[in-house]
Each structure stands twice: as structure tokens, then as C-alpha cells.
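# Report on the structure
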Amino acid sequence: MSPAPVRGRPPRDLEAPRDLARGWYVAERSTRVGRRPRPAVVAGTEVVVWRTGDGAAVVMDRFCPHQGAALELGRVVDGDLRCAFHHWRFDGEGTCVAAPSTRRVPRGTTARVHPSWEGLGYVWTWWGSAVPEYPPPDFPHLGPASPAHRRYRFAFDTNATARRVLENGFDLPHFPVVHGIAGDLRLTWDAEENKHTMGARITTDSIALPAPLDRRPGGLGRLCLHLRSTPSYQVLTFELDDRPVAHELLAVTPVARDRTTMHGWTVVPRSGGLLGSAPVFWAYRLQHWWGTRADLRIYRDAEDTDGSINTPDDEGVLRFRQFHRHWTGRGPR
Ligand code: FES
Ligand SMILES: [Fe+2]
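Residues numbered from 1 in each chain as written. Chains lettered and ligands numbered in written order. Predicted model: local features only at pLDDT ≥ 70, side-chain atom pairs only at ≥ 80, totals over all residues. Heavy atoms only, no water.

Next up on the list: the environment of Phe 156. As for its placement among the helices and strands, Phe 156 is situated in strand 12 (residues 149-158). Put simply, Phe 156 and Gly 74 are 82 residues apart on the chain and 30 Å apart in space, counted from C-alpha to C-alpha. Ignoring anything within four residues of it in the chain, the contact list for Phe 156 reads Thr 260, Thr 261, Met 262, Trp 289, Thr 292 and Leu 296. (Helix = DSSP H or I, 4+ residues; strand = E, 2+ residues; numbered from the N terminus. Contact = heavy atoms within 4.5 Å.)

Tracing the sequence through the fold places Val 123 in strand 11 (residues 122-127). It is 25 Å that separates the C-alpha atoms of Val 123 and Arg 285, two residues lying 162 residues apart in sequence. Filtering out sequence-adjacent residues up to four positions away, Val 123 remains in contact with Tyr 25, Val 26, Ala 27, Glu 28, Ser 30, Val 33, Val 49, Ala 57, Val 59, Trp 117 and Glu 118.

Before going further, it helps to examine helix 4 (residues 315-325). All of the buried residues along helix 4 are Gly 316, Val 317, Phe 320, Arg 321, Phe 323 and His 324. Taken end-on, helix 4 shows its buried residues confined to a sector of 160°, consistent with a single buried face. Looking at the buried residues of helix 4, the elements they touch are helix 1 (162-167), strand 13 (186-189), strand 14 (198-207) and strand 15 (221-229). (Buried < 20%, exposed > 50% of the residue type's maximum accessible area, 1.4 Å probe, protein only. Arc of directions from axis to C-beta.)

One pass over the structure, following the stated rule, counts 15 aromatic pairs. Here the aromatic rings of Phe 154 and Phe 156 are separated by 6.1 Å at their centres, their planes lie at 40°, and the arrangement is tilted. Classification of Phe 154 as buried rests on a relative accessible area of 7%. Judged by relative accessible area, which is 10%, Phe 156 ranks as buried. Among the aromatic residues, those joined into a cluster by ring pairs are Trp 24, Trp 117, Tyr 122, Trp 124, Trp 126, Tyr 134, Tyr 233 and Trp 327. One Lys or Arg, Arg 319, reaches over the ring of Trp 189 and ends 4.3 Å from the middle of that ring. (Phe/Tyr/Trp six-rings, centres within 6.5 Å; stacked < 30°, edge-to-face > 60°. Lys NZ or Arg CZ within 6 Å of the ring centre and 35° of its normal.)

Spelled out as C-alpha cells, the structure:
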């Protein structure tokens, strides 16, 4: 059993997740990155997230290249991160720009900086290869807070892998069993958009409500769940009778081998009529929480497997896994 982590510090015995896809992952929420460097763990790598003088977020290895002090003990001085141990200073590129305890900065001294991007309320980092191979998420539905929509942010911890979290939406046969979505569900694939995105629609002509609300003739209406997934994040849109009910951004932080945090946003358009009303927003939010808890309960004790018996109904997850596999391992050099 691993020792309990020191409060506020990541544990030291983190094993990197296996078969992680190269991609953009959430390092930290933007609002948590301020003037003090903040420790975080992405893919078993301990990092600090901090801001340079002009506010740009930096994701840097946690331990100082000089004598290994934890850099979150340092502080940002004149836009550089100053280590607490001997006051060496590193700029946003990781270059050591001052080493006051020595006569001159040893040549080539750098702290490792990971590619990063800030947007949609998060600091993201590219993991798996030196240079990003596809863009970070585009989720225009979030926009600035506006009366035109209601929205909420979510975060759930799970011991599932990032891949299992992302493939869930493509797992057609689990919807009636785990989420009680009755109806004749069909899966159709979008034409390939690019190498890093796969898209599919899950549709049913009529989605039934659970009892005792199931008296409405014809059920709720025609449901379409449109999924567009990269190997590391995805955007989902739920439509009822061709009207968007909710847009969701699902991202992950693959912390360690059996620790993943699911992050994201749900945006519900405030349209006229019942669909855009506050009760529907809260009902949606409740079913999202409830449905995610139902998935997490399965993940918690599931074996980490590629599936030993697969049927044609498993086509959704199998195809996602095939797509995902192309992005695991080392990328181009
Ligand atoms: S350990 Fe960071 S400056 Fe020495
Ligand atoms: Fe699910």
C-alpha cells in the first residue's frame, strides 16, 4: 500500500498511465493558477503550473534542475520563477536566467517546459511528443457568460483510464442498461474529418421517459447524440427533435495509472419554450450527474482490458479503440 500523500502535495509514487494517447490534457483549472506556482500531476509527471509576468501559463517540471527543490516552494519574481533553495531563476521557456549563488549561469541550464495552451477555463498541456500534433479544443458554445445559455462545469475522479472515459459515449449497448435510455438506438459514423477526430451519431426515433413520467405519448422525442472525439478530449451535442439541448466538452487529466479526472463544461441554450427552461436545465444537470455516477460505479471495479469477447454491438468502442491506438506510443520525432 502506498503511503498517504502529504497534504497539498502530490504523492511521489505515481506510475504513468499505460497506453495514453498523445494529446491535449488538462493540467489545471485557470482560476487556480495565480502568482504562486501550483503543483500538479499529468501522466505520472509532476509539474508546476505558473504564470509569467505577462500572465502566460507555463507547465514546467516540478523539480529544479539545480538540486531538485520543489519549484512550488519558489515564487514568481519579475516574471521568472525563482527557486526557493538557491534562488536560481527560470523564464517561461525554462531557461535559467540568473543563478546568484554561483559566478555564472552554467551553460544550457534549463528546466523542462511542456507545450501548453490556455483556454476554456483550463491550462492544457500537450503530452506524448515534443510538438503538438493536433490543435487544442474548439468549443465555441462556451463563449463568455451570456443570458443566451446556462452552463456548469464538472469534475469527477475515477480510476478508469482516459481511453475508457472517452470511449463511453460510443458504447451503444451500455445506454439502456446503465442509463435507462430505452429506444431503438442506432450508431452511424461521420465521414472522416481529419486524422485526429472521429465522429458518430447515436440516434433513436423516440426516447422514452422513465416511469412514472413515461405517460407522454411518443416519449420525449427524437434523440441524437453527436460525438466528435479526439484521442484526448471530445465535444458532444444532445439534440431532441433536431434542436440542441446541450453541448458538452469532455476533457481529462490522466493523473496516474489508475487515476483520471474528468473535466468539462455543459452548455444549455436558453431558447424559448420548455426545452430552454430552467427546470429542463436542472433536470439535465441532475441526469448528467446521476448518469456519470452510474458509469463511475462500473469503472471502479472494472478490469483494465481491451475486451476478450466482442460482438458486432461493440463496434462503437472497438472502432474508438482502434482510432485511439494510432495515437499511443511515440509520435513523430
Ligand atoms: S535547487 Fe533550485 S536553485 Fe538550487
Ligand atoms: Fe455512460
